[in-house]
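Topology and contacts: notes
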Amino acid sequence: MSTLHVPTHPVRLVTASSLFDGHDASINIMRRIFQSQGCEVIHLGHNRSVQEVVDAALEEAVQGVAVSSYQGGHVEYFEYLVELLRAAGAGHVRVVGGGGGVIVHDEITRLRESGVTIFSPEDGQRLGLPGMVNTVVADCDTDLWDLHPVSVDQVLAGERSAVARAITGAELGRLDDDMRAQLRAAAERSHAPVLGLTGTGGSGKSSLTDEILRRFRPDQQDKLRVAVVAVDPTRRKGGGALLGDRIRMNSLDLPGHDRDRVYFRSLATRGAHEIPDHLEDVITVLKAAGFDLVVVETPGIGQGDAAIVPFVDTSMYVMTPEFGAASQLEKIDMLDFADVVAINKFERRGAADALRDVGRQLVRNREAFGKQPSDMPVFGTSAATFNDDGVTALYQHLRGLLAEQGLPVAEGALAPVDVKHSSGIRAVVPQERVRYLAEVVETVRGYHARTQELVEQARRTLDPEVGTQLEQWPSVVEEYAAVPGRESLSGNRVPKVSLPRYADHGELVRFWRNDNLPGRFPFTAGVFPFKREGEDPARMFAGEGDPARTNRRFKLLSEGNEATRLSTAFDSVTLYGRDPDERPDIYGKVGTSGVSVATLEDMKQLYDGFDLLAPTTSVSMTINGPAPTVLAFFLNTVMDQARERGIDPLKALQTVRGTVQADILKEDQGQNTCLFSTEFSLRMMADIQEWFIQHGVRNFYSVSISGYHIAEAGANPISQLAFTLANGFTYVEAYLARGMDIDDFAPNLSFFFSNGMDPEYSVIGRVARRIWAVAMKEKYGAGERSQKLKYHVQTSGRSLHAQEMDFNDIRTTLQALIAIYDNANSLHTNAYDEAVTTPSAESVRRALAIQLIINREWGLAMNENPLQGSFIIDELTDLVEEAVLREFEAINERGGVLGAMETGYQRGRIQDESMLYEHCKHDGSLPIIGVNTFLKPGGDDATPEHVELARATEAEKESQLRRVRDFTRDHEQEATEALARLKEAAASPDENVFAVLVDAARVCSLGQVTEAFFEVGGQYRRNV
Ligand code: B12
């Protein structure tokens, strides 16, 4: 193995996924390896525009940017990135990237000519993961200070790049005496106060900093320039650092605000304990550069965390309510020094007590014995809550303190608040219900314990219920014997459902309680007694170009089928709730990797010619962040079809069939198409469900609780299943807390899993159905319809490779077989060209054929319960179930799903598991035929030079731009009114926003609605 390059200079890199691109699995792997090879990584996460990447590259003074791009439009994106970097005088910044097989050979060559290095899957295979990263590290190991000196005048003029470079010099201790003296003299003339922020890890310091800036900028109308320095520790082992604060900062790029008013710089401690050695010089540079306010955020290390105090004029300590006993407060050094204390995550249990205890401690520390704890500068805040008044109170207090230090503040545009802690928090899952997952575990374990008792009992005396079941069993056996079954060519009758031959009462009891026949509680073997006649579960995902082209593809796919089952893939501009635009990093993605839908007109064209009211038509839409708006487009299309035929539109809602994905929890965990604050998105989901109940929408699933994206982001099957079911129970709790009845909403919930190659996939549906049914019946007292977990399954995309593509169909066939054996309710089979492009007409036909061959040709599929009775299937079912329950306990310990999400628990786990898979794939320890073993004889042409690519044409892109422009022009007046009404509804906590949105969607574009919701619902804040 080649030795890895050890950097001689600090190597700093910005990492991100491109705009409207949530594929962050690969960049997360790369950034971790960069870190372990000693680099300082400013990770921006997913969905980053070229401008954001360039801004970060300039302010952070990096040697390189590393971007992954999977959604198409990569040529436009990377070329625009190089262009903007050069225009900003940063042509020296190396640009590297990757996008798996999606970036094809010709494009790699073209991009290389523009100065971009793209790594293909073969590069990964040839070099190995560390080897590939190593080439970047070696190339970026340059001395920025020597290469790019900076003059004092440029710094004093406040030029962004000059400031950034001067900070690099300061960090390296390379500012010469003369320069330092001049900068110091300038800094001394500055009146800029320095605000220091520190606190315990996980207290939400950076979110709070962001929220304070989000108030400061509009409040002071951007008249003041602010610099923020965020410090993160350098790992002692390897010397790398994850600089993970910038990713949290939405306030750097506020709509309608000048991006030059805030400067943000991440620093690594580089061997120092808590404070980088040259922090004072860094502050000097910023003061000399004329900033009006300097904010320094440092990690709190242990309890002796007051190291920041000597560097700043005002300091703030951030903590959470969970500090244990009040006596622990005596040990916190910062409580002696901080001018202000914020108890963040005020939505958590014990927050009010914490506020009081910390107040008391401050009274004692300050010897202010005549004062009340409530007089102390202690604030209860919830940075995760949009427009939290506790944060506003904290901001306004800080503004006063900073003004005393010389900050020239104006009176402020923000209305004063008269609270000292958050007053409007509405917990999605109420505090008293936060142990729900532990309760599910107790219920399932209790159920099995009872089974064991009943089994024993059945061998002696009988429980009355079991007695009845035993009495009825012979007639059940007879009933099934009468079902015709299917005859093989050899003349044998293959039973549709095969019954156990147990005679022992104990075994029968165990079978009924653990498995039972399909369609019988606990539905382990399936939720329906028999498969639907005349409707294969096939639901093929399609979307490309403009709506007219996708409409043609839908017609092709549904040709010759009795039932019409459409599944819609949207392009990434739509997935992120925006309208098509000319800007190069947007333009390239219009109609690529999915269909572009920005208005009601687009939606109508998409399903033109399909009878959406027919009971044989079912439409599924893969959309999450902007799901409410896209669903509103769809339901209007349905209602308009009804109107055209003289049918009452409200009646049409009662029969329309389909699914909208709309699962925001897994978005945060795996797929990353979050637009709004999680809290607002969850409220919208509940609004939709409530509206469904009010309008009798029974056959349309309001959410598809998805494990697919969790698995494809890298999770193993256990984590996929556990996280997904836990998310499902969270929706149950959230909807119950909104006052909905379990049997009114549970039948509208559906599930979606990925089926990969691991052994656990054989039982994923069985375990999901059993846990759900037992919990629904025994814990929630729900009726039978609610107990039935129905799921869609897609074969695993990540198990398909760019190399030796023909082999992919074999993998898909095996995964599809197991799904069909398990009575999955709906199935998508991936095409063999999965790693390179959304499928062509030819590849999708083959993928569909896989299902047809299994369903119609494959003999054993004549039987509908072939998995039952197998020792290994039973054993795996119990094993996977127990592993899932243990994971529930782990999530429960973190405060349930939402509590765990706040600390990035699920994301961290998924990334670890993803990393393990890729390592095993790349080092060959996990055999993958044609990729790391059984390689194509003769070498390197395992990836074909030319594959038919399903991409939008220029004409389609242009026509989409024109269509949305025409639509917004024609509806300008009505849209203004509708948007005002929408914002009003969203701002009032008790109004159902979806009800108003259904009307607004007739006249507003998707992008217009998204912008409106940003204002009133808050933007999503990314997590590493
Ligand atoms: C995983 C995956 C997902 C996951 C993403 C999870 C996540 N958080 O990342 C989920 C399920 C959420 C997903 C969703 C979608 N996906 Co997807 N997805 C994939 C998949 C299966 C694998 C990509 C991957 O991460 N591979 C793992 C990496 C490590 O390996 P690799 O790609 O081979 O990369 C190698 C090199 O290129 C290099 N590399 C890659 N990046 C970088 C970066 C740097 C800096 C370096 C040094 C090296 C490097 O490293 C690897 C070494 O071998 C691909 C298909 C495939 N099999 O490739 C589709 C694919 C990329 N997805 C696709 C699409 C269309 C989508 C959706 C838009 C579908 C939709 N309409 O809803 C959504 C959009 C989601 C979003 N948020 O934006 C298409 C893109 C088609 C196109 N551009 O023409 C693909 C090709 C599938 C397909 N055929 O339809 N997807």
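Owing to the predicted nature of the structure, the values given are computational and were not obtained by experimental measurement. (Residues numbered from 1 in each chain as written. Predicted model: local features only at pLDDT ≥ 70, side-chain atom pairs only at ≥ 80, totals over all residues. Heavy atoms only, no water.)

A word on the overall build of the protein
Which entries qualify depends on this criterion: Comment: elements are numbered from the N terminus, with helices defined as DSSP H or I runs of at least four residues and strands as E runs of at least two. Note on method: radius of gyration uses C-alpha positions; expected globular size equals 2.2 Å times residues raised to 0.38. Only protein chains enter the area calculation, which uses a 1.4 Å probe; residues under 20% of their type maximum are buried, those over 50% are exposed, and those in between are partly exposed. Here a residue-residue contact requires only that any non-hydrogen atoms of the pair lie within 4.5 Å. The Shrake-Rupley method, run with a 1.4 Å probe sphere, supplies the accessible areas, and residue values consider only the shown protein chains as cover. Charge convention: Lys and Arg are scored as positive, Asp and Glu as negative, and His as well as the terminal groups of each chain are ignored. One atom stands in for each charge, and that atom is NZ of Lys, CZ of Arg, CG of Asp or CD of Glu.
Check the secondary structure of the protein and you find 40 helices and 24 strands. Relative to its length of 1024 residues, the protein is compact, with a C-alpha radius of gyration of 30 Å against a globular reference of 31 Å. Once the C-alpha set of the protein is aligned to its principal axes, its extents read approximately 100 × 70 × 65 Å. Within the protein, the fraction of its 1024 residues that count as buried is 62%. Intrachain contacts of the protein at a sequence separation of at least 6 include 79% that bridge at least 24 residues. Carbon together with sulfur atoms contributes 50% to the accessible area of the protein, which is approximately 38700 Å² in total. If you average the places of the 106 positive and of the 146 negative side-chain charges in the protein, the two averages end up 2 Å apart.

Here we look at empty space enclosed by the protein
Note the following rule: Whether a set of points on the 1 Å grid over the protein atoms alone is a cavity depends on a 1.4 Å probe fitting there but being unable to get out, while an open set qualifies as a pocket with protein on both sides within 12 Å along at least five of seven lines; lining residues are those with an atom within 4 Å of a point. Grid points are joined across faces, edges and corners, and a volume is the space filled by probe spheres set on the points. Residue classes follow a fixed rule: Ala, Val, Leu, Ile, Met, Phe, Trp, Tyr, Cys and Pro count as nonpolar, while Asp, Glu, Lys and Arg count as charged, and any other residue, Gly among them, counts as polar.
Under the criterion given, the structure shown has eight cavities of 30 Å³ or more. One number sums up the size of the largest cavity: a volume of about 140 Å³. For the largest cavity, the lining is made up of 15 residues, of which Leu58, Ala61, Val62, His92 and Arg165 are closest to its centre. Those elements that place two or more of their residues in the lining of the largest cavity are helix H2 (50-60), helix H7 (144-147) and helix H9 (160-172). Looking at which element gives the most residues to the lining of the largest cavity, the answer is H9, with four residues. Its residues assigned to classes, the lining of the largest cavity shows nine nonpolar, five polar and one charged.

Notes on the site of the ligand
Our working rule: To be near a molecule or strand, a residue needs just one of its heavy atoms within 4 Å of it. Residues adjacent in sequence count toward polar contacts only when both atoms are side-chain atoms; beyond that, a polar contact is any pair of N or O atoms within 3.5 Å, and within protein one must be able to donate a hydrogen and the other to accept it.
Residues in close proximity to the ligand total 47 residues, the closest being His23, Tyr70, Gln671, Glu834 and Thr837. Take phenylalanine 570: an N or O atom from its main chain is 3.1 Å from a nitrogen atom of the ligand. At 2.6 Å from a nitrogen atom of the ligand is found a main-chain nitrogen or oxygen belonging to glutamate 834. Broken down by secondary-structure element, the contributors of at least two residues to the shell around the ligand are helix H1 (25-36), strand S3 (64-68), strand S4 (94-98), helix H5 (121-127), helix H25 (664-671), helix H27 (708-712) and helix H36 (905-923). Sort the elements by how many residues they give to the shell around the ligand and H1 lands first, with four residues.

Structural notes on the packing of aromatic side chains
Ring pairs (aromatic) are described by centroid distance and by the angle formed between their planes. As a reminder of what qualifies: Note on ring pairs: Phe, Tyr and Trp rings are taken, using the six-membered ring of Trp, and paired if centres are within 6.5 Å. Classes follow the plane angle, with under 30 degrees stacked, over 60 edge-to-face and the rest tilted.
Scanning all chains against the criterion turns up 31 aromatic pairs. Taking the centre distance of 5.9 Å and the plane angle of 45° together, the rings of tyrosine 480 and phenylalanine 530 count as tilted. Taken together, the residues span a long stretch of sequence, with tyrosine 480 in helix H17 (residues 464-481) and phenylalanine 530 in the loop between helix H18 (505-514) and strand S16 (540-542) at a distance of 50 residues. A relative accessible area of 9% means that tyrosine 480 is categorised as buried. Between phenylalanine 723 and tyrosine 905, the ring centres sit 6.3 Å apart and the planes meet at 65°, which makes this aromatic pair edge-to-face. In this pair, phenylalanine 723 is assigned in helix H28 (residues 717-737) and tyrosine 905 in helix H36, connecting sequence segments 182 residues apart. Neither phenylalanine 723 nor tyrosine 905 differs from the other in exposure class; each is buried. Taken together through their ring pairs, the aromatic side chains of Phe554, Tyr607, Phe610, Phe634, Trp691, Phe692, Phe700 and Phe994 make up a single cluster.

Some points on the nonpolar core
Rule in force here: Grouping buried Ala, Val, Leu, Ile, Met, Phe, Trp, Tyr and Cys residues that are joined through side-chain atoms within 4.5 Å yields what is termed a nonpolar core.
If you look at the biggest cluster of nonpolar residues, it comprises 105 residues, and the most contacted ones within it are Leu81, Tyr607, Met621, Phe634 and Phe1013. Broken down by element, the residue count for this core peaks at ten residues, all from helix H23 (residues 627-644). Dropping the residues within four chain positions of it, tyrosine 607 is found in contact with Asn551, Phe554, Leu566, Thr568, Leu612, Val619, Met621, Phe634 and Gln641. Ile718, Ala819, Ala824 and Ile850 belong to the second largest nonpolar core, which has 81 residues in total.

Things to note about the pairing of S4
Selection criterion: Paired strands, in this sense, are two strands between which DSSP finds at least two bridges. By convention, a crossover is right-handed whenever its connection, traced from the first strand over the helix to the second and viewed with the strands pointing away, goes clockwise.
By the criterion of burial, S4 is predominantly enclosed, with four of the five residues buried. When S3 meets S4, the two strands line up parallel, connected through five bridges. By the bridge assignment for S4, serine 68 is matched with glycine 98. Each parallel crossover has a hand, and the one from S3 via helix H3 (residues 74-87) to S4 is right-handed. With four bridges connecting them, S4 and strand S5 (residues 116-119) associate as parallel partners. Across the sheet, the residue bridging to glycine 97 is isoleucine 118, located in S5. One crossover worth recording links S4 to the parallel S5 by way of helix H4 (residues 105-113), and it is right-handed.

What to know about the coordination of the cobalt atom of the ligand
Applicable threshold: With water omitted from the atoms examined, metal sites may look incomplete; donors here are N, O and S atoms no farther than 2.8 Å from the metal, or 3.2 Å in the case of Na, K and Ca.
If you check the protein contacts of the cobalt atom of the ligand, you find one donor only, His23 (NE2), at 2.2 Å. Tracing the backbone through its elements, the reader meets histidine 23 in the loop between strand S1 (12-18) and H1.

Brief notes about the sheet that holds strand S23 (residues 791-795)
How we decide: Here an angle of 0 to 180 degrees is reported between the N-to-C directions of two axes, which are lines fitted to C-alpha atoms, with helices fitted over the stretch in contact.
Here four strands make up an open sheet; going across it, the order is S21-S22-S23-S24 and the pairing parallel. Pairing within the sheet leaves two strands with one partner each, and these edge strands are strand S21 (703-706) and strand S24 (826-828). Each neighbouring strand pair of the sheet contributes to a mean axis angle of 25°, computed without reference to strand direction. The sheet strands contacting helix H30 (residues 764-779) are strand S22 (749-755) and S23, and the helix crosses S22 at an angle near 155°.

A closer look at the state of the cysteines
Our working definition: Disulfides are defined in this document as cysteine sulfur pairs within 2.5 Å.
Across all of its chains, the model carries zero disulfides by this definition. For cysteine 39, which is in no disulfide, the shortest distance to another cysteine sulfur is to cysteine 140 and amounts to 7.5 Å. Exposure remark for cysteine 39: the relative accessible area of 0% places this residue in the buried category.

A short note on the pairing of strand S6 (residues 194-199)
Judged by how many residues are buried, S6 sits mostly within the fold: six of six residues are covered. The alternating pattern of S6 places Val194, Gly196 and Thr198 and Leu195, Leu197 and Gly199 on opposite faces, both of which are buried. As judged from the six bridges shared by S6 and strand S10 (residues 293-299), these two strands associate in the parallel manner. Bridge pairing links glycine 199 to proline 299 in S10. Inspection of the sheet shows S6 paired to strand S11 (residues 314-319) by five bridges, in the parallel sense. Each bridged residue has a counterpart across the sheet, and for leucine 197 the counterpart in S11 is methionine 316.

Details of the side chain of asparagine 823
Within the secondary structure, asparagine 823 is located in the loop between helix H32 (808-821) and S24. According to the relative accessible area criterion, asparagine 823 is buried, its value standing at 11%. A polar contact is formed between the side chain of asparagine 823 and the backbone oxygen of glutamate 864, at a distance of 2.9 Å. Setting aside its immediate chain neighbours within four residues, asparagine 823 contacts Pro518, Ala525, Gly526, Lys531, Arg769 and Glu864.

What about the sheet that holds S16?
Read across the sheet, five strands follow the order S16-S17-S18-S19-S20 without closing on themselves; strand pairing throughout is parallel. Whereas interior strands pair on both sides, the edge strands pair on one side only; in this sheet they are S16 and strand S20 (700-701). Pairing of strand S18 (residues 617-622) with strand S19 (residues 658-660), which is carried by three bridges, proceeds in the parallel orientation. Bridge pairing in S19 places valine 619 opposite glycine 658. Across the face of the sheet, H23 comes into contact with S18, S19 and S20 while running at roughly 155° to S18.

Everything listed here is a matter of coordinates, which is why it stays silent on function.
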